[in-house]
Each structure stands twice: as C-alpha cells, then as structure tokens.
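Listed below are the residues making up each chain.
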Amino acid sequence: MTLRDGLYYGEKVLKDAGVTEYKQDAWILFSAVIKMDSAGYLARQDEEFYEESKENYRSFLKKRIEHIPVQYILGVQSFMGHTFKVSTDTLIPRIDTETLVEEALRVVGDQDTILDMCTGTGCILISILKERPQAFGRGVDISRQAVNLARQNAELNGVTAEFETGDMFEKISDEYDVIVCNPPYIAASDMQNLMPEVRDYEPESALNGGADGLDFYRIIAKDSPAHLKEGGIILLEIGYNQAYDVERILSKAGFTDIKVIKDLSGNDRVVKAVRSSNV
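Throughout what follows, the structure given in this document is the object of discussion. (Residues numbered from 1 in each chain as written. Predicted model: local features only at pLDDT ≥ 70, side-chain atom pairs only at ≥ 80, totals over all residues. Heavy atoms only, no water.)

Summing up its helical and strand segments, the protein chain has eleven helices and nine strands in all. For a compact globule of 279 residues, the expected C-alpha radius of gyration is about 19 Å, and the protein chain comes in at 21 Å, within 12% of that figure. Split into buried and exposed, the 279 residues of the protein chain put 51% on the buried side. Contacts in the protein chain between residues at least 24 apart in sequence constitute 65% of all its contacts with a sequence separation of at least 6. Of the roughly 13,500 Å² of accessible surface on the protein chain, 46% is carried by carbon and sulfur atoms. Measuring between centres, the 31 positive side-chain charges of the protein chain sit 1 Å from its 46 negative side-chain charges. (Helix = DSSP H or I, 4+ residues; strand = E, 2+ residues; numbered from the N terminus. Rg over C-alpha atoms; globule rule 2.2 N^0.38 Å. Buried < 20%, exposed > 50% of the residue type's maximum accessible area, 1.4 Å probe, protein only. Contact = heavy atoms within 4.5 Å. Areas by Shrake-Rupley, 256 points an atom, 1.4 Å probe, with all protein chains shown as cover. Lys, Arg positive; Asp, Glu negative; His and termini not counted. Charge placed at Lys NZ, Arg CZ, Asp CG, Glu CD.)

Next up, the structure:
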C-alpha cells in the first residue's frame, strides 16, 4: 500500500461512517501519522505506507468513527496561529473565539492587567499575552485539570501568566483593566441537540449555561465590577442569539458603552462594555 492508497483508504472509511468533513479529517490524521505537510506528501505519495504507520492510522480512524473530535485524538489545536494542548477536561479552542482575542487586543495596553475567567486551555489569555508580553494576566477556572493544562500551554507558548483554580470570582481580590471570558452559554434544553463530538466528549461544565444559557453572564455582571477598575473594559463571548439578553443584563448592572461585535460569519459573537463610575 502506498501513501496515496493509505490516504484514500482513510477518506473512504470516514465517508462510509458518515463523517461530514471526511476528507479534511482523514488528511489531518494521516499527516500526523506520516509527519509530513502537503508538499512532502505530494513528493512522496508513491512511497510505501509502512505497517506501523498503518496501524496508528487505523487507530486514529477508529476513534474518529466514534465521533471523538480530531483535536482530542491528536491532543492539540491551533488558535490564533499558536499551538495549544487540549484534553477532554477543556473545550476545544474555536475560530469564533478568535474574535474575542482580536477585540481584546484593540483595548489591552502594554502595561494592563487582564483577568480571564473560565480560562480552559488558556488560549484566550495566552494569545493576548503573546502580543502584549509586558501585560499581566491571570486565568481562573473551576477545573483543576484545565488549570494544569493552561499552565502547560503558557510554557509551550513562552508566555508568563498566572493560573489558579476557583469558582468564578471567589478567589479574586485584585482589580483589573480588562476582563475577558468565554463562559458556558448553551441552554440546558439545547445540550442534547449538540453534535455528538461536542455533547459526548467536551466537558458539560464548560458548555451548560443553565436553563436559558445566561447564568454565567448574570454572575459576571453582578460580581465583576468589584474586580474591574473604573473605566475598565469587559469582553464576553456570546451565542449567536444572545446579544440582546446579555446587553440587557450588563446595562441593568450599570455597565455603559455596550457594543456587540460580529465574528467572520456575521454572527453576534462578543459583547464589550465599560465599567462606569456608577457601578
């Protein structure tokens, strides 16, 4: 069997199993096994696909057929051009969340302090600090395993940041210039409707936002003013249909200059607000 035959085999297996992105996933898993980029593969596609590599590829394909996400199979995901370790203790970083980072980089100064709630892999905070290395960043997550992974990702990406385990603001005493958060925001009634890759493998605690998906926004609106400097900015990722509700929650809590930012698909994705002197 040649390398070309091996790739076609993987595509067929995944297609027959009903995997929607069967070509993309087959290639990602295949390239990880043969340790080649597309140029290297094209130059060597007629070479033999050795048995050990075939066994590794079959193992990867079997996991993908079971709807295990490619990122969990390989243990890594790219985000903002950087590599992050992932595990089933954390959400997989998604391109939608890059909108939150890009907006944060518009407001974070070189000497600012940043608090990243529900940090998960740490991808948001670490990506910001890659561009603002003189800023100070702290990430908080209720999952000890997620915090440990975030620390590994900071080291992997050459970033200095503090990470600690805690339930939202319970261990936070300082004030920050900027607070960022991608909280759980799926309504409990919608959890069963998620794709199997998400529903069965990504941590429910990082997805389930309560009955209406807004529980964490209420906590943030209530508790964040005590930890955000006057004039400080809060940036929250939201679901595509939650802008109105999150704006209303923040407005009732006294935040001002509330704006909604869309992602590359044109969906509402980030709510930005300012802590006024009245909060």
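Counting 32 residues, the largest nonpolar core has Leu115, Met117, Tyr217, Ile234, Leu236, Val246 and Leu250 as the members making the most contacts within it. Secondary structure elements with two or more residues in this core: strand E3 (113–117), strand E6 (176–181), helix H10 (215–223), strand E7 (228–237), helix H11 (243–252) and strand E9 (268–274). With sequence-adjacent residues up to four places away left out, valine 246 is seen in contact with Leu214, Tyr217, Leu236, Ile238 and Val271. Core analysis: the next-biggest nonpolar cluster, separate from the first, contains 27 residues, Leu100, Val108, Leu129 and Leu235 among them. (Core = buried A, V, L, I, M, F, W, Y, C linked by side-chain atoms within 4.5 Å.)

Before going further, it helps to examine the packing of H10 against H11. Viewed as axis vectors pointing N to C, H10 and H11 meet at an angle of 25 degrees, and their least axial separation amounts to 9 Å. The angle between H10 and H11 places the two elements in the roughly parallel class. Between H10 and H11 the crossing geometry is right-handed. Contact residues: Tyr217, Arg218 and Ala221 in H10; Val246, Ile249 and Leu250 in H11. Partitioned by chemical class, the residues of the contact of H10 with H11 number five nonpolar, no polar and one charged. (Axes fitted to C-alpha atoms, helices over the stretch in contact; angles between N-to-C directions. Parallel < 35°, antiparallel > 145°, perpendicular 65-115°, else oblique. Left-handed = near helix turned anticlockwise from the far one by under 90°. Nonpolar A, V, L, I, M, F, W, Y, C, P; charged D, E, K, R; others polar.)

The next thing to look at is the packing of aromatic side chains. If you walk through the whole model with that rule in mind, you get seven aromatic pairs. Between tryptophan 27 and phenylalanine 30, the aromatic rings sit 6.2 Å apart at their centres with planes inclined by 45 degrees, giving tilted as the arrangement. Pair noted here: tryptophan 27 and phenylalanine 30 are both in helix H2 (residues 22–34), with a separation of three residues, about one helical turn. On the basis of relative accessible area, tryptophan 27 is assigned to the partly exposed category, the value being 24%. (Phe/Tyr/Trp six-rings, centres within 6.5 Å; stacked < 30°, edge-to-face > 60°.)

A few words on the sheet that holds strand E4 (residues 136–141). In any sheet, the strands associate via hydrogen bonds between backbone groups, in a parallel or an antiparallel arrangement. What the seven strands build is an open sheet, ordered E5-E4-E3-E6-E7-E9-E8; its pairing is mixed. Of all the strands in the sheet, the pair left with one neighbour each is strand E5 (162–165) and strand E8 (256–262). The average angle at which neighbouring strand axes cross in this sheet is 15 degrees, direction not considered. The sheet contact formed by E4 and E5 spans four bridges and is parallel. In the sheet register, valine 140 faces E5, and the bridge partner there is glutamate 164. The sheet strands contacting helix H8 (residues 144–156) are E4 and E5, and the helix crosses E5 at an angle near 170 degrees. (Pairing = 2+ DSSP bridges.)

Burial in H11 covers these residues: Ala243, Val246, Ile249 and Leu250. On an axial view of H11, the arc spanned by its buried residues comes to 135 degrees, and they lie on one face. Opposite the buried face of H11, at more than 90 degrees from it, the exposed residues are Tyr244 and Lys252. Positive backbone phi, approximately 100 degrees, marks glycine 254, located one or two places after H11. (Arc of directions from axis to C-beta.)

A word on the environment of phenylalanine 136. Examined against the element boundaries, phenylalanine 136 turns out to sit in strand E4. Between the C-alpha atoms of phenylalanine 136 and serine 38, which are 98 residues apart in sequence, the distance is 39 Å.

Its identity as a non-glycine residue notwithstanding, cysteine 118 has a phi of 55 degrees, on the positive side. In this structure, cysteine 118 sits in the loop between E3 and helix H7 (123–131). Its identity as a non-glycine residue notwithstanding, methionine 168 has a phi of 55 degrees, on the positive side. When you line up the elements, methionine 168 lands in the loop between E5 and E6. With a relative accessible area of 8%, methionine 168 lands in the buried category.

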